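This is what each chain is made of:
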Amino acid sequence: MAVQEEYFDVLTKTGQKTGVSKPRQLYPLSLGLGEVHRDGDYHGAVHVWIFAESTQELLLQRRSDNKDSWAGLWDISSAGHISAGGTSLVTARRELQEELGVNLPKDAFEMIFVFLQECVINDGKFINNEFNDVYLVTTLDPIPLDAFTLQESEVSAVKYISYKEYRSLLAKEDSGYVPYDVNGQYGQLFDIIERRYNENNVARCLTLQKQLRRYAPVSLSAELTGLADADKEALGLLVKAATIMDEIFYLQVWYSNPDLRDWLKKHADASDIDKLKWAYYVINKSPWSSLDENEAFLSTADSAIKLLPEATRPVTGWKGIEYKAAFPVKKPPGANFYPPDMDKTEFEIWKSSLTDDQKQVATGFFNIIKRHSEFNLDASIYNKTVVDAEHLVHSTHDLYTVPFSQEYNSFLTKAAELLHKAGDLTSSPSLKRFLHSRADAFLSNEYYDSDIAWMDLDSKLDVTIGPYETYEDALFGYKDANFLQQETIFDKSERIHNEYNAGQQATFEAFIGVRDDKATAQLKLFGDHLQVLEQNLPLDNIYKSKDVIAAPIRVIQLLYNAGDVKGPQTVAFNLPNDERIVKDRGTSMVMLKNVSEAKFKHILQPIADQCVTKEQQELVDFESFFTHTICHECCHGIGPHTIILPNGKKSTVRLELQEIHSAFEEAKADIVGLWALRYLIDQNLLPKSLLKSMYVSFLAGCFRSIRFGLEEAHGKGQALQFNWLYEKGAFILHPDERFSVDFTKVEGAVESLSREILTIQAKGDKEAAKLLLQKHCKLTEPLQIALWKLENVQVPVDIVPTFPIANRILKGGH
C-alpha cells in the first residue's frame with residue numbers, strides 16, 4: 001500500500017538541528033518504516049496545555065486506541081511532532097486546531113519551558129528522545145466540551161481535571177494516564193500554576209514597592225523663553241508625534257504588550273496591588289524589569305482578557321473563548337521583530353537563499369521578519385478576505401520581510417502628518433528640513449537623508465525622533481561577520497553607536513528639548529582637541545590614528561521623551577547608527593543636562609554621602625560628574641578601532657574582542673576620559689579646580705554603575721577600573737567603611753590602566769582582555785561593603801521623570 005511518510009529534523013543531544021531529517025514511526029514496525037523512533041533520534045515536538053483559571057483545571061485528551069504510543073491513555077490537551085522544516089509555535093497552533101478544533105491566535109500561547117523526554121516503550125521497539133516545547137493557553141473559564149471537534153484518528157475524548165488532582169495521579173503513576181515525572185522537569189507546569197494563583201498579595205505588594213523605590217521621581221522642565229512663538233506652537237505637535245513613538249515601541253517589545261498595557265491602566269484603581277503593577281509597568285514599558293536582568297514581575301495571569309467568539313464550533317448560550325493575552329516568563333531576545341519560534345539556523349538558511357539586495361533588507365534596521373504560514377493561520381482565525389499577493393506567490397522559505405513603513409503604517413502616517421505640520425510652523429531652517437525629511441522617511445522607509453538632516457540640526461528647539469536603538473533586538477550574538485555582539489545595557493547613559501551595530505532591528509524613540517547654548521559652546525573644547533588627545537594617548541605611536549573625527553555635541557534641557565526610554569534613563573546618546581553615515585560623517589552627540597543633574601542630585605550625591613570620607617565629600621560636584629560624562633562620550637572616538645593584526649590582516653577591535661568588547665570599550669572610555677581631563681587641565685584648557693573633584697566624583701560614580709550588575713557592560717567595565725585603582729592604592733578603604741582617593745597615586749594608576757586597555761585593543765588580543773577581566777572584574781570585598789551600605793539605606797538606582805510642560809500640552813493646555 002502507498003504510505004505517505006512524515007519527516008522530522010534530527011537534533012543533537014542539546015536540541016540543535018543537525019541538518020539531517022528522517023521519517024517518523026507512523027505504522028507498525030513490521031512495515032520497516034520509522035527510523036526516528038527505531039533509532040532513538042532526538043527530535044522536536046510541542047505540548048499545549050489549556051488551563052481554566054476560574055476552576056483551576058487542565059484540559060486532558062484521551063489518546064486514540066490506534067496510536068503507536070500510549071494508546072487509550074489520558075494525556076496533554078494537545079501535542080504533536082514538529083515536521084522537518086516546521087516550527088514550534090505554528091505547530092502548536094495547528095495541532096490544537098486539528099486535534100480539538102480550537103483555532104487561536106499566537107497571543108494565546110505562552111511558551112513556559114522545554115522538556116526533554118527520554119523513554120523506551122513497546123518492548124524496546126519505540127525509543128522516544130523528544131525535545132518538547134511546552135505551551136500554556138490560559139482561558140478564563142473551561143471551554144464547553146461540546147465546543148470541541150475531535151480528530152478521531154488522534155483523540156477519542158476530552159475532559160477537565162483539577163491540576164492538583166492531575167499532579168497527584170501522575171505522582172501515583174496511575175495506569176490510565178501517560179506518565180510524566182512530576183518531581184522532574186515536568187513538575188514545572190504545576191509549579192508555575194501554583195505560584196501564579198497562590199501567591200501572597202501582601203508579599204507581592206512589598207516586592208513591587210521595593211522595586212519602585214529604586215527609582216527617584218523627578219520633574220524635568222526647561223525654560224521656554226528662548227523659543228520663538230512659532231517653535232512653541234510646533235512643540236505641541238512634536239510632543240503628540242512623540243507619543244506615537246511610544247505606541248509603536250510597545251508593539252515592538254512584544255505583540256501582546258499593548259493589550260497588557262491597556263488592561264493594567266484600565267484596572268489600576270481596582271486595588272493596591274493593581275496600582276503598583278501599573279506604576280512599575282509604566283517605568284519598564286513591559287512585564288520585564290530592566291534593573292533585574294529582565295526578570296518578569298508580571299505573569300500572563302495578570303494580563304488582558306480577550307474574547308474570541310468563533311475559535312471553536314458554536315455552542316448555544318456560550319459567547320466564545322475568553323483567554324489571557326500571553327507573554328513568556330523570559331524576555332524574548334528577538335522582541336517582536338521576528339517570529340517567536342524562529343531560531344538562528346532557520347534565519348541563516350533563509351538568508352543564504354536571498355540575493356545581496358534582499359540580504360541587505362533582511363539584516364537592515366527598518367524591517368521585521370514574518371512567516372507566510374503564520375499569516376495563513378491568522379487569516380483563518382480573523383476571516384480575512386484580502387490576501388496580499390506576496391502570500392500567494394510560491395516560496396521555498398517561510399520567512400519574509402515587512403518594512404516598518406508598512407507594518408506600522410497607521411501610526412507612521414499620523415506621525416508624518418504631525419511632523420509636516422510642525423515643519424511648516426518652525427522658524428528654524430535646519431529643523432524645518434529635518435522634520436519634513438523625517439516625515440517622508442516614515443512613509444518611504446528610507447532614513448539616510450533625514451539622518452543627515454538631523455546631524456545638521458542647528459535649532460533652539462532640538463528634536464530626535466524615529467527608529468534608532470537596537471538594544472531590544474538581542475537575538476543574534478552574530479548574524480555573520482558584519483553583525484556583531486548585541487550589547488544589553490541597562491544604564492544607557494553612555495551609549496556609543498557605530499557601524500558595527502548593523503543587522504539588528506531599530507526601536508522608535510523621541511527626545512524633545514531646548515538647546516542649552518552656553519553649555520553647548522563650552523563643549524567645543526573637547527571636539528577641537530580630540531586629535532591632540534589621540535596623539536598624546538598613553539599608547540605606542542604605531543597604534544595611534546591620524547584622522548580622528550570629532551562628534552559634534554549638543555547639550556539640551558529635556559522636555560519630553562518617549563518610545564525606547566524605559567527603566568534607567570539615558571543622559572547622552574550618539575547617533576545615527578547608519579554605517580554609511582558613520583563612515584562618511586561620523587556621529588553627533590546629544591547630552592541631556594537636566595537628566596544628568598537629576599541623577600547627580602538623587603543618586604550620586606547620596607552615594608557619596610554614604611561611601612566617601614567626610615573630608616572628600618565636598619569634592620563630589622555636578623560640574624566634575626557632567627564633564628567626565630562628556631569626556632567619556634568623546635573618548636569612545638579615540639583609541640584603536642580599525643586595527644592591523646600581527647598577521648597583517650585588517651580587522652576591528654570589536655571583531656577581535658567579540659562578546660567582551662562592550663565591557664572593554666566602556667572601561668576604556670571611562671578611564672581614558674579621566675586621563676584626558678588631566679591632560680586638558682595640564683594644558684590649562686580646563687580649570688585646575690576640576691583636578692581633585694573629578695577623581696572623587698569618579699570614585700562615587702563607580703558604585704553607581706556597579707549597582708547595575710557585573711553581567712552588563714558598564715558594570716563589568718566599572719568593576720575592572722575600581723579594582724585596578726584600589727589595588728594600585730589610588731582608592732583607599734578606611735576602617736569606618738568609607739573610601740577616599742590618594743591623589744599622589746591616582747594619576748599613575750589611571751595612566752597605567754589606560755595603557756593596558758588601549759594596548760590590548762590595539763593588538764586585538766582577546767586572551768589578554770579575558771585575563772584582565774577575570775582578574776579584576778569581581779565583586780571584591782570593598783565593592784561588597786559599598787553596595788551593602790547603599791542597599792541598606794536604599795539609595796535610588798535611577799530616576800523616573802515626569803514632564804510637566806509636555807503633560808500640559810497633551811491635556812490641551814499651553
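Residues numbered from 1 in each chain as written. Predicted model: local features only at pLDDT ≥ 70, side-chain atom pairs only at ≥ 80, totals over all residues. Heavy atoms only, no water.

- As annotated in an unreviewed UniProt entry, the protein carries the name Dihydroneopterin triphosphate diphosphatase and is attributed to Trema orientale.

1. Some details on the environment of K277
Stage number 1. Among the secondary structure elements, K277 is positioned in helix α8 (residues 272–284).
Stage number 2. Distance in space between the C-alpha atoms of K277 and P287 is 9.1 Å, their sequence separation being 10 residues.
Stage number 3. Beyond its immediate sequence surroundings of up to four residues, K277 is in contact with R204, L208, L264, F297, L298 and D302.
Stage number 4. Among the polar contacts listed, one links the side chain of K277 to the side chain of D302, at a separation of 2.8 Å. (Helix = DSSP H or I, 4+ residues; strand = E, 2+ residues; numbered from the N terminus. Contact = heavy atoms within 4.5 Å. Polar contact = N/O pair within 3.5 Å; in protein donor to acceptor, adjacent residues only side chain to side chain.)

2. Re the packing of helix α14 (residues 429–444) against helix α15 (residues 448–455)
Stage number 1. It is the contact of α14 with α15, at a shortest axis distance of 8 Å, that shows an interaxial angle of 155°. One way to sum up the angle between α14 and α15 is to call them roughly antiparallel. Crossing hand, α14 versus α15: left-handed. The residues of α15 that touch α14, namely those facing R433, F434, S437, R438 and A441, are D449, S450, D451, A453 and W454.
Stage number 2. Class assignment of the residues belonging to the contact of α14 with α15 gives a composition of 4 nonpolar, 2 polar and 4 charged. (Axes fitted to C-alpha atoms, helices over the stretch in contact; angles between N-to-C directions. Parallel < 35°, antiparallel > 145°, perpendicular 65-115°, else oblique. Left-handed = near helix turned anticlockwise from the far one by under 90°. Nonpolar A, V, L, I, M, F, W, Y, C, P; charged D, E, K, R; others polar.)

3. Quick look at the packing of aromatic side chains
The way to describe two aromatic rings as a pair is by their centre distance and the angle between their planes.
Stage number 1. A complete count under the given rule lists 40 aromatic pairs for this structure.
Stage number 2. Between F113 and Y186, the ring centres sit 5.7 Å apart and the planes meet at 80°, which makes this aromatic pair edge-to-face. You can see F113 sitting in strand β7 (residues 110–121) and its partner Y186 sitting in the loop between α3 (163–171) and α4 (187–197), a full 73 residues away along the chain. We note that F113, like Y186, is buried.
Stage number 3. One aromatic cluster is present, built from ring pairs that chain together F337, F365, F366, F404, Y408, F442, Y447 and F508.
Stage number 4. Geometry around W74 places K159 over its ring, the cationic atom sitting 4.5 Å from the centre.
Stage number 5. Above the face of the Y250 ring, R261 is positioned so that its terminal group lies 4.6 Å from the ring centre. (Phe/Tyr/Trp six-rings, centres within 6.5 Å; stacked < 30°, edge-to-face > 60°. Buried < 20%, exposed > 50% of the residue type's maximum accessible area, 1.4 Å probe, protein only. Lys NZ or Arg CZ within 6 Å of the ring centre and 35° of its normal.)

4. Some remarks on helix α22 (residues 622–635)
Stage number 1. Given a rise of 1.5 Å per residue, 14 residues ought to cover 20 Å, and the 20 Å separating the end C-alpha atoms of α22 matches this to within 8%.
Stage number 2. Within α22, 13 of the 14 residues are buried, leaving the element largely enclosed by the surrounding structure. (Expected span 1.5 Å × (residues − 1).)

5. Focus: the environment of R678
Stage number 1. Its place among the elements puts R678 in helix α24 (residues 661–682).
Stage number 2. Taking the C-alpha atoms as reference points, R678 and N647, separated by 31 residues in sequence, lie 36 Å from one another.
Stage number 3. Not counting residues up to four positions away in its chain, the partners in contact with R678 are L691, M694, Y695 and E747.
Stage number 4. A distance of 2.8 Å separates a polar atom in the side chain of R678 from a polar atom in the side chain of E747.

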